[in-house]
Amino acid sequence: MCNNCDYTIHGRHHHFGWDRSIPPVATVAPGSSLHFECLDSSGGQLTKDSTVADIGALSFDKINPVTGPIHVDGAEPGDILKVQIDGFEPSGFGWTANIPGFGLLADQFEDPALNIWSYDADTMAPALYCDIAKVPLKPFAGTIGVAPAEPGLHSVVPPRRVGGNLDIRDLAAGTTLYLPVEVTGALFSVGDTHAAQGDGEVCGTAIESPMNVTLTLDLIKQTPLKFPRFTTPGPVTRHLDAKGYEVTTGIGTDLMTGARDALSAMVDLLCRDYGLSAVNAYMLCSVCGDLRISEIVDMPNWVVSFYLPRIVFE
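Only a predicted model underlies this, so the values are computations on that prediction, with no experimental measurement involved.

Rules and cut-offs
Residues numbered from 1 in each chain as written. Predicted model: local features only at pLDDT ≥ 70, side-chain atom pairs only at ≥ 80, totals over all residues. Heavy atoms only, no water. Phe/Tyr/Trp six-rings, centres within 6.5 Å; stacked < 30°, edge-to-face > 60°. Helix = DSSP H or I, 4+ residues; strand = E, 2+ residues; numbered from the N terminus. Buried < 20%, exposed > 50% of the residue type's maximum accessible area, 1.4 Å probe, protein only. Pairing = 2+ DSSP bridges. Axes fitted to C-alpha atoms, helices over the stretch in contact; angles between N-to-C directions. Contact = heavy atoms within 4.5 Å. Polar contact = N/O pair within 3.5 Å; in protein donor to acceptor, adjacent residues only side chain to side chain. Core = buried A, V, L, I, M, F, W, Y, C linked by side-chain atoms within 4.5 Å. Salt bridge = Lys/Arg side-chain N within 4 Å of Asp/Glu carboxyl O.

### Thoughts on the packing of aromatic side chains
Remark: the centre distance and the inter-plane angle together describe each pair of aromatic rings, the angle taken between the planes.
Here comes step 1: Per the counting criterion, the structure on display carries five aromatic pairs.
Here comes step 2: Relative to Tyr307, the ring of Tyr245 has its centre 5.6 Å away and its plane inclined at 75 degrees; by these criteria the two rings are edge-to-face. A residue pair is termed long-range when its members are at least 10 positions apart, and Tyr245 in strand β18 (residues 245–252) and Tyr307 in strand β20 (residues 302–309) qualify at 62 residues.
Here comes step 3: On the basis of relative accessibility, which here comes to 18%, the residue Tyr245 falls in the buried class.
Here comes step 4: Ring geometry for Tyr274 against Phe313: centres 3.8 Å apart, planes inclined by 10 degrees, an arrangement best described as stacked. On the criterion of sequence distance, the pair formed by Tyr274 in helix α2 (residues 255–274) and Phe313 in the segment after β20 is long-range, its members being 39 residues apart.

Structure (structure tokens):
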């Protein structure tokens, strides 16, 4: 628990999707510190005892629950909600899955797969994967945002101009996120917490892990903002950089094709050089590898690179 927080928002106060008509669970003053209990992205459907058979039984109506919403007193359309991400209390349990029909290489990986993670929530030491790799951890909230102005229920799956399922791994402790407010009170919610993820979350899941999040919510009045932005407190890849990277590329006229080609090449490399099965290589890429647009000006071809940190095999 956060002893210095003004409010605790319990995990039972969660919802699915974004809807400006959802009643707020609390009204807080700007500058308030809140402690959120967040469920994992399966909404508790997957546990430490789950097997791959449970992937087929997932109810997608219960995917990506977010805790909230919170009404921030005085927030109005045209304001910015300033979200200071103060810290995380990880649970020590997580999962990564290949869910058929989901992910960048869904057409190549049609069968379900599941990896259950156990990590030290106190030391946050790198988590063991497949007995040959250890993934450095960096907790963050994958879904964080405010209600959109458009009425009705909106899916939590795609990211939006008001935030939502951003899956930006650098929304970690110390980062300040700025969100455009579109409705009175902002109606802020957070969830989908991760213990680690690579840029791109290429198989569709990270190390999905329930945890508590401490945030401070404040307002910047009448300052137009089209899309979310954020400020980090320092370097963002220090936990991965120490041993360098293996890098593959995809080159062509389409960025999505380039991303797929770069990722496919990395999966092949991990299978050949490290003895991983293809699906285990794919999931490892999702939790610690980074897709990057390396070049987008030398038409007609663009370069997408995939970076896999060698530290995971040290």
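From this point, the discussion proceeds with the structure in view.
### Some points on unusual backbone geometry
Here comes step 1: In this structure, Pro69 follows Gly68 across a cis peptide bond, with omega equal to 0 degrees.
Here comes step 2: Assignment of secondary structure puts Pro69 in strand β5 (residues 66–72).
Here comes step 3: In this model, Met299 is joined to Pro300 through a cis peptide bond whose omega is 10 degrees.
Here comes step 4: Relative to the helices and strands, Pro300 resides in the loop between β19 (290–295) and β20.
Here comes step 5: With a phi angle near 60 degrees, Leu187 is a residue other than glycine that sits in the positive phi range.

### Quick word on the sheet that holds strand β17 (residues 229–231)
Here comes step 1: Across the sheet, six strands lie side by side as β1-β4-β16-β6-β14-β17; this open sheet has mixed pairing. A single partner strand is all that each edge strand has here, and the edge strands are β1 (7–9) and β17. Recorded for the sheet is a direction-independent mean angle of 25 degrees between the axes of neighbouring strands.

### Some words on the pairing of strand β16 (residues 211–220)
Here comes step 1: Burial analysis of β16 places seven of its 10 residues in the buried class, the great majority of the element.
Here comes step 2: The pairing of strand β4 (residues 32–38) with β16 spans seven bridges and is classified as antiparallel. Residue pairing across strands places Leu34 opposite Leu215, the latter belonging to β16.
Here comes step 3: Pairing geometry for strand β6 (residues 80–90) and β16, over 10 bridges, is antiparallel. Among the inter-strand pairings, Gly87 is bridged to a residue of β16, identified as Thr214.

### Let's talk about the environment of Asn280
Here comes step 1: Structurally, Asn280 can be placed in helix α3 (residues 278–288).
Here comes step 2: With 49 residues separating them in the primary sequence, Asn280 and Thr231 have C-alpha atoms 33 Å apart.
Here comes step 3: Setting aside residues no more than four positions away along its own chain, Asn280 makes contact with Tyr129 and Cys130.
Here comes step 4: Among the polar contacts listed, one links the side chain of Asn280 to the side chain of Ser277, at a separation of 3.2 Å.

### Looking at the nonpolar core
Here comes step 1: Core analysis: the largest hydrophobic core is formed by 66 residues, its most contacted members being Leu81, Val83, Phe188 and Leu270.
Here comes step 2: Judged by nonpolar contacts, the second largest core, of eight residues, contains Leu46, Ala97, Ile99 and Leu114.

### Some remarks on the pattern of salt bridges
Here the idea is simple: oppositely charged side chains can pair when their charged atoms come close.
Here comes step 1: The full count for this structure, using the stated rule, is 10 salt bridges.
Here comes step 2: One salt bridge in this structure joins Lys221 and Glu76, with 3.4 Å as the shortest N-O distance. Residue Lys221 is located in the loop between β16 and β17, and its partner Glu76 is located in the loop between β5 and β6; the two are separated by 145 residues in the primary sequence.
Here comes step 3: Among the residues examined, Lys221 registers a relative accessible area of 41% and is labelled partly exposed.
Here comes step 4: With a closest N to O distance of 2.6 Å, Glu150 and Arg161 form a salt bridge. With a gap of 11 residues between them, Glu150 in the loop between β11 (140–146) and β12 (159–160) and Arg161 in the loop between β12 and β13 (163–165) connect regions that are remote in the sequence.
Here comes step 5: The structure contains a network of salt bridges with shared partners spanning Lys138, Arg169, Asp170, Asp199 and Asp290.

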